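# Structural description and commentary
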Amino acid sequence: MEEFDYYEILEISRNVSGEEIKKAYRKMALKYHPDRNPDDKNAEEMFKKINEAYQVLSDQEKRQIYDTYGKKGLESSGFGFSDMEGSIFDIFNSVFSGGLGGFGGGFSARGKKNEKYSRDLAIELELSFHEAVFGCKKEVEILYKNACEMCNGNGAKDGKLTTCSTCKGSGRETFSQGFMTFAQTCSKCHGSGEMSAEKCEKCSGKGYKEEKEKFEIKIPEGVDNQNQIRVQGRGNKMPNGSRGDLYVEILVQEDTHFIRHRNDIYLEVPVFFTLVMLGGSIKIPALTKELELKIPIGVKDKQQFVFYGEGVKSVNSGKKGNFIAVVSIVYPEKLDDKQRELLTQLHQSFGYEESKPIPCLESLVDKIKNWFK
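Residues numbered from 1 in each chain as written. Predicted model: local features only at pLDDT ≥ 70, side-chain atom pairs only at ≥ 80, totals over all residues. Heavy atoms only, no water.

A separate point is the overall build of the protein. What the protein contains, in helices and strands, is nine helices and 15 strands. Considering only contacts in the protein between residues 6 or more positions apart, those separated by 24 or more positions represent 63%. Roughly 22100 Å² of accessible area belongs to the protein as shown, and the carbon and sulfur atoms make up 47% of that amount. (Helix = DSSP H or I, 4+ residues; strand = E, 2+ residues; numbered from the N terminus. Contact = heavy atoms within 4.5 Å. Areas by Shrake-Rupley, 256 points an atom, 1.4 Å probe, with all protein chains shown as cover.)

Here's what the structure looks like:
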């Protein structure tokens, strides 16, 4: 079996969390999914490796064994890699299931074993911060597969298939390594158990043609990164005329000022240093209106003020998150003579002398001096 590093395949470090592993898998699996890379053998092999890596690293016990003993340790512990290709779409489905309320769901595995492609289709859709928070309508263009009419989608001339000579129709090949026997998907028929004696002339053996389609989809209010929307009946078209579903993976652009964490919104609010001593109220922009932020005397840098229910609306519950204003105290970069004079007068009005430490620091200096006597 080919040796490769699971962490390198998913482009992650060895100390990442389980959630980060899942996030990396989603990104890589979408990138190398067979439906997005038709007839690309390198992408297909990469997709298999990504799924194998995720199957191990997402399981705490398997990951611990792999980190300590490597792949051979997994085999010795009874975790085989038989029929890995046969399970990759099930793994993909489990990670991409759930979605957004009524939009949710997961990719379906290939239906009949001799089908050349899966029913469902995946695309990524980038949204602006504003579009994601408030919802919108977006036009998308997809490239979907439509079964070849001449071969009925199986890629064989006149649609005639024969039993695979390599696996004898089982769809699997077995091989031995020491005292252990492994099974893997047949390299000749790719698990279908059947193959074409001659390729279909119209589709060159692919079993489908690709067609473009444009349509508009509704983006619900409050979607976030990695949310998934299912559009029913917009996937690949199968030989029986039915169509699978389209799964839209959401990517949200960052905003210049607002920072989103789930359904909460953070805003850094510059507060001039004089307000720290004087206190006061300032108007700050929120998602839908201006809010009044009351600055108490002695406010601290990075102090947070929460406005409940002024955040993003949840796509599932409809409940709104919070809006959090984070104070950032601002000091003048330079002073003119008049400003310096006024500040000096203020300093002295509190009983302090210019360029001299305040009493608590004076006592600390005396204490340190006594250490050396």
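A separate point is helix H2 (residues 18-32). The end-to-end C-alpha distance of H2, which contains 15 residues, comes to 21 Å, matching closely the 21 Å that a straight helix rising 1.5 Å per residue would cover. Within H2, burial applies to Ile 21, Ala 24, Tyr 25, Arg 26, Met 28, Ala 29, Leu 30 and Tyr 32. (Expected span 1.5 Å × (residues − 1). Buried < 20%, exposed > 50% of the residue type's maximum accessible area, 1.4 Å probe, protein only.)

The alternating pattern of strand S11 (residues 264-272) places Ile 265, Leu 267, Val 269 and Val 271 on a buried face and Asp 264, Tyr 266, Glu 268, Pro 270 and Phe 272 on a face that is not buried. The pairing of strand S10 (residues 258-261) with S11 spans four bridges and is antiparallel. Opposite Phe 258, over in S11, you have Leu 267 as the bridge partner. A loop of two residues connects S10 with S11, the two strands running antiparallel in sequence, and Arg 262 in this loop sits at a positive phi of about 55 degrees. With eight bridges joining them, S11 and strand S15 (residues 323-330) adopt parallel strand pairing. Bridge pairing in S15 links Pro 270 to Ser 328. (Pairing = 2+ DSSP bridges.)

Take the pattern of salt bridges next. One pass over the structure, following the stated rule, counts 16 salt bridges. The partner of Glu 44 in a salt bridge is Lys 48, with the nearest N and O atoms 3.9 Å apart. Separated by four residues within a single helix, Glu 44 and Lys 48 lie in helix H3 (residues 41-57), roughly one turn from each other. Using a relative accessible area of 22% as the deciding quantity, one classes Glu 44 as partly exposed. (Salt bridge = Lys/Arg side-chain N within 4 Å of Asp/Glu carboxyl O.)

Further remarks concern the sheet that holds strand S9 (residues 246-252). Taken together, the three strands give an open sheet; going across it, the order is S1-S9-S8, and neighbouring strands pair in mixed fashion. Of all strands in the sheet, those with a lone pairing partner are strand S1 (121-127) and strand S8 (228-231), marking the two edges. Strand-to-strand twist of the sheet, defined as the mean angle between neighbouring strand axes without regard to direction, takes the value 30 degrees. Summarising the sheet, S8 and S9 pair through four bridges and their orientation is antiparallel. Residue pairing for S9: Ile 229 is matched across the bridge by Val 248. (Axes fitted to C-alpha atoms, helices over the stretch in contact; angles between N-to-C directions.)

We now examine unusual backbone geometry. Positive phi, close to 55 degrees, is recorded for Ser 204, a residue that is not glycine. When you line up the elements, Ser 204 lands in the loop between strand S6 (194-196) and strand S7 (208-219).

Glancing now at the side chain of Ser 118. Take Ser 118: it is sitting in the loop between helix H5 (84-95) and S1. In terms of polar contacts, Ser 118 uses its side chain to reach the backbone carbonyl oxygen of Asp 120, at 3.4 Å. (Polar contact = N/O pair within 3.5 Å; in protein donor to acceptor, adjacent residues only side chain to side chain.)

What follows covers H3. Taking 1.5 Å of rise per residue, the 17 residues of H3 would be expected to cover 24 Å, and the 24 Å separating its terminal C-alpha atoms lies within 8% of that figure. Burial runs high along H3: 12 of the 17 residues are buried. Of the positions making up H3, those classed as buried are Ala 43, Met 46, Phe 47, Lys 48, Lys 49, Ile 50, Asn 51, Glu 52, Ala 53, Tyr 54, Val 56 and Leu 57. At the N-terminal boundary of H3, the capping side chain belongs to Asp 40, with an oxygen 3.1 Å from the backbone nitrogen of Asn 42.

The next thing to look at is the packing of H2 against H3. Look at H2 against H3: their axes get within 9 Å of each other, and the N-to-C directions meet at 165 degrees. When the axes of H2 and H3 are compared, the pair comes out roughly antiparallel. The handedness of the crossing between H2 and H3 is left-handed. Note on element contacts: H3 touches H2 through Ala 43, Met 46, Phe 47, Ile 50, Asn 51, Tyr 54 and Leu 57, opposite Ile 21, Lys 22, Tyr 25, Met 28, Ala 29 and Tyr 32. (Parallel < 35°, antiparallel > 145°, perpendicular 65-115°, else oblique. Left-handed = near helix turned anticlockwise from the far one by under 90°.)

Two modes of strand pairing occur in sheets, parallel and antiparallel, and in both the strands are linked by backbone hydrogen bonds. Taken in spatial order, the four strands of this open sheet run S10-S11-S15-S14, and their pairing is mixed. Of all the strands in the sheet, just S10 and strand S14 (304-307) have a single pairing partner and so form its edges. Between one strand and the next, the sheet's axes are offset by a mean angle of 30 degrees, whatever the strand orientation. Bridge count between S14 and S15: four bridges; the pairing is antiparallel. Within S15, the residue paired with Val 306 across the bridge is Ile 324.

Looking now at the packing of aromatic side chains. Between two aromatic rings, the relevant description is the distance of the centres plus the angle of the planes. Enumeration according to the criterion identifies 10 aromatic pairs in this entry. On the basis of an interplanar angle of 70 degrees and a centroid distance of 5.6 Å, the ring pair of Phe 4 and Tyr 6 is categorised as edge-to-face. Accessibility expressed as a relative area gives 0% for Tyr 6, which makes it buried. Ring geometry for Tyr 7 and Tyr 66: centres 6.3 Å apart, planes at 35 degrees, overall tilted. Taken as a pair, Tyr 7 in helix H1 (residues 6-9) and Tyr 66 in helix H4 (residues 60-76) lie far apart in primary sequence, 59 residues in all. Ring pairing ties together the aromatic residues Phe 4, Tyr 6, Tyr 7 and Tyr 66, which thus form one cluster. One cation-aromatic arrangement involves Lys 49 over Phe 4; the distance from NZ or CZ to the ring centre is 5.4 Å. (Phe/Tyr/Trp six-rings, centres within 6.5 Å; stacked < 30°, edge-to-face > 60°. Lys NZ or Arg CZ within 6 Å of the ring centre and 35° of its normal.)

The quantities given are spatial measurements derived from coordinates; they are silent on function.
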